[in-house]
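# Remarks on the overall topology
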Amino acid sequence: MKTDYEHIVLGLGGIGAGAVYWLARRAGSQVLGLEQFELGHGRGGSQDHSRIIRLSYHTPHYVEMAKNAYETWAALEEDAGTSLIVKTGGLDFTRPGAAIPISDYTESMDAAGVPYEWLDAAEIMRRWPQFRVGDEVSALYQEQSGIAPAIRCNAVHVRMARAYGATLRDGAAVTAIRDLDGEIEVLAGGTTYRCRKLVIAAGAWTNNLLFHFGRKLPLTITQEQVAYYGTPHAEEFMPDRFPIWIWMDVPCFYGFPVYGEPGPKVSQDVGGKEVTAETRTFDPDRNYQARLDAFVKQYIPRAYGPLITIKTCLYTMPPDRDFVLDTLPDHPNVAIVVGAAQGFKFASLLGRILSDLSIDGETNHNIEPFRVDRPILLKQDPPKNFMI
Ligand SMILES: Cc1cc2nc3c(=O)[nH]c(=O)nc-3n(C[C@H](O)[C@H](O)[C@H](O)COP(=O)(O)OP(=O)(O)OC[C@H]3O[C@@H](n4cnc5c(N)ncnc54)[C@H](O)[C@@H]3O)c2cc1C
């Protein structure tokens, strides 16, 4: 069995799958991907039918990155000969005194030249009578928002990585890593591998792997849940009749049209309890669910119905909820990424940037804000701001 590679990607969730694909496009069979569970497992942060993709972001830099994310998904779609991204349009709801300043979004899109519309409550309900909102509510509408179909995107990244010659091993938990001056030794599933360049894309398990480099990041992991509602009016919530939406306040709720399950999906951003990758459960939280039910009954009453399913999932967030995307200062042959619980829409782009860092040692993309040794990540007890 081949055990010597130029590149090893550790963790084949959404971002790791993107990284092996973009690495394999340039380094083919010199790429190995290692995953502790089975490919497509549901224990991390990347396994569900849908994730929101949008250009409406809170800084011009993220808006530009989001543009690049769309281009990168388009490059994958063309290469794989399949379509992935589903554009539904997207609504960002706000009201006077909302905790998330919508002006950050409008100013950032203005700065990046991204068009959007401002809609008042009457216009929102004229276009989407499924919503019931008071006169004080308004929304910005951006037509390119939509769905990144996570399960399908991961499968296409994996299929194409293999097509370029990469080797992907699942059921291969990495239990030890040693940097031997330019050559890295990785013990996984009882086999010792060697490589020149390593990518760590381990999500909620990141600190378990950084331990081998004497490092630890102040990451917060929460157990989130999403609910699919078995409404009798499902036809009203199909992707051509209902947008993705985000309620830009605290608590912050968001949702999707019918996609992957026979009913619309709703969840809360950062609504879950803090856990670790080891202590998390797969049991839905009753209070969390009660919050979702109350929101749906009040603002999208025709979406309500018996629950089809509830899925739990892990958020992994640095204190500023910005990505970690960098090489380790004392191990420049090791690249690392943390998706900050907003990373799926960027999964292929982040994978591409990681391949740049691994192969070229640099990238054209501005990753300065995502440094692994930025001040807030070096603090013992950093202030946390997860609401973006
Ligand atoms: C409920 C929910 C809703 C979300 N909604 C959105 C959204 O709408 N839009 C958006 O852009 N983002 C969204 N996100 C965030 C996004 O899904 C994540 O940021 C992204 O999927 C994280 O991907 P990842 O590859 O870093 O992590 P993961 O998918 O968790 O992958 C990490 C992988 O590393 C593997 N691994 C860990 N340790 C080892 C080891 N020792 N050996 C081998 N393998 C190992 C794990 O098994 C896992 O497969 C959401 C997340 C959740 C949970």
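A brief report on the enclosed structure follows. (Residues numbered from 1 in each chain as written. Predicted model: local features only at pLDDT ≥ 70, side-chain atom pairs only at ≥ 80, totals over all residues. Heavy atoms only, no water.)

### Here's the deal with the sheet that holds strand S13 (residues 197–200)
- Spatially, S9-S2-S1-S13-S21-S20 is the arrangement adopted by the six strands of the open sheet, whose pairing is mixed. Of all the strands in the sheet, the pair left with one neighbour each is strand S9 (167–169) and strand S20 (324–328). Each neighbouring strand pair of the sheet contributes to a mean axis angle of 15°, computed without reference to strand direction.
- Taken together, the five bridges between S20 and strand S21 (residues 331–338) define a ladder with antiparallel strand orientation. (Pairing = 2+ DSSP bridges. Helix = DSSP H or I, 4+ residues; strand = E, 2+ residues; numbered from the N terminus. Axes fitted to C-alpha atoms, helices over the stretch in contact; angles between N-to-C directions.)

### Comments concerning helix H7 (residues 286–299)
- Between its first and last C-alpha, H7 extends 20 Å over 14 residues, near the 20 Å set by a 1.5 Å rise per residue.
- Within H7 the residues assigned to the buried category are Tyr288, Gln289, Leu292, Asp293, Phe295, Val296 and Tyr299. Along the axis of H7, the buried residues cluster in a sector spanning 165°; they form a single face. Residues of H7 that are exposed and angled more than 90 degrees away from the buried face: Arg286 and Asn287.
- Summarising the contacts, the buried residues of H7 are in contact with strand S14 (220–229), strand S15 (244–247), strand S16 (252–256), strand S17 (265–269) and strand S19 (307–317).
- If you check the start of H7, you find a side-chain oxygen 2.8 Å away from the backbone N of asparagine 287, and it comes from aspartate 285. (Expected span 1.5 Å × (residues − 1). Buried < 20%, exposed > 50% of the residue type's maximum accessible area, 1.4 Å probe, protein only. Arc of directions from axis to C-beta. Contact = heavy atoms within 4.5 Å. Polar contact = N/O pair within 3.5 Å; in protein donor to acceptor, adjacent residues only side chain to side chain.)

### Some words on the environment of serine 348
- Its location among the elements puts serine 348 in helix H8 (residues 347–360).
- Sequence separation between serine 348 and aspartate 179 is 169 residues; the distance between their C-alpha atoms is 27 Å.
- With near-sequence residues (within four places) excluded, serine 348 lies in contact with Trp22, Thr72, Trp73 and His157.

### Some words on unusual backbone geometry
- Of note, the amide linkage connecting valine 250 to proline 251 takes the cis form, showing an omega dihedral of -5°.
- Along the chain, proline 251 turns up in the loop between S15 and S16.
- One non-glycine residue, valine 270, adopts positive backbone phi at about 50°.
- Within the secondary structure layout, valine 270 lies in the loop between S17 and strand S18 (273–274).
- The backbone phi angle of alanine 341 is positive, close to 55°, even though this residue is not glycine.
- As for its placement among the helices and strands, alanine 341 is situated in the loop between S21 and H8.
- Relative accessible area serves as the criterion here: at 21%, alanine 341 is assigned to the partly exposed category.

### Notes on the side chain of glutamine 130
- Tracing the chain through its elements places glutamine 130 in the loop between helix H4 (121–127) and strand S7 (138–142).
- What makes glutamine 130 buried here is its relative accessible area of 5%.
- Those residues in contact with glutamine 130 that lie beyond four places of it in its chain are Glu236, Phe237, Arg241, Phe242, Tyr299, Ile300 and Pro301.

### With respect to helix H1 (residues 14–27)
- The end-to-end C-alpha distance of H1 is 20 Å, a good match for the 20 Å that 14 residues give at a rise of 1.5 Å each.
- Of all 14 residues in H1, twelve are buried, a share of seventy percent or more.
- Looking at H1, one finds that the buried residues are Gly14, Ile15, Gly16, Ala17, Gly18, Ala19, Val20, Tyr21, Trp22, Leu23, Ala24 and Ala27.
- Remark: glycine 28 follows H1 within two positions and exhibits a positive phi of approximately 45°.

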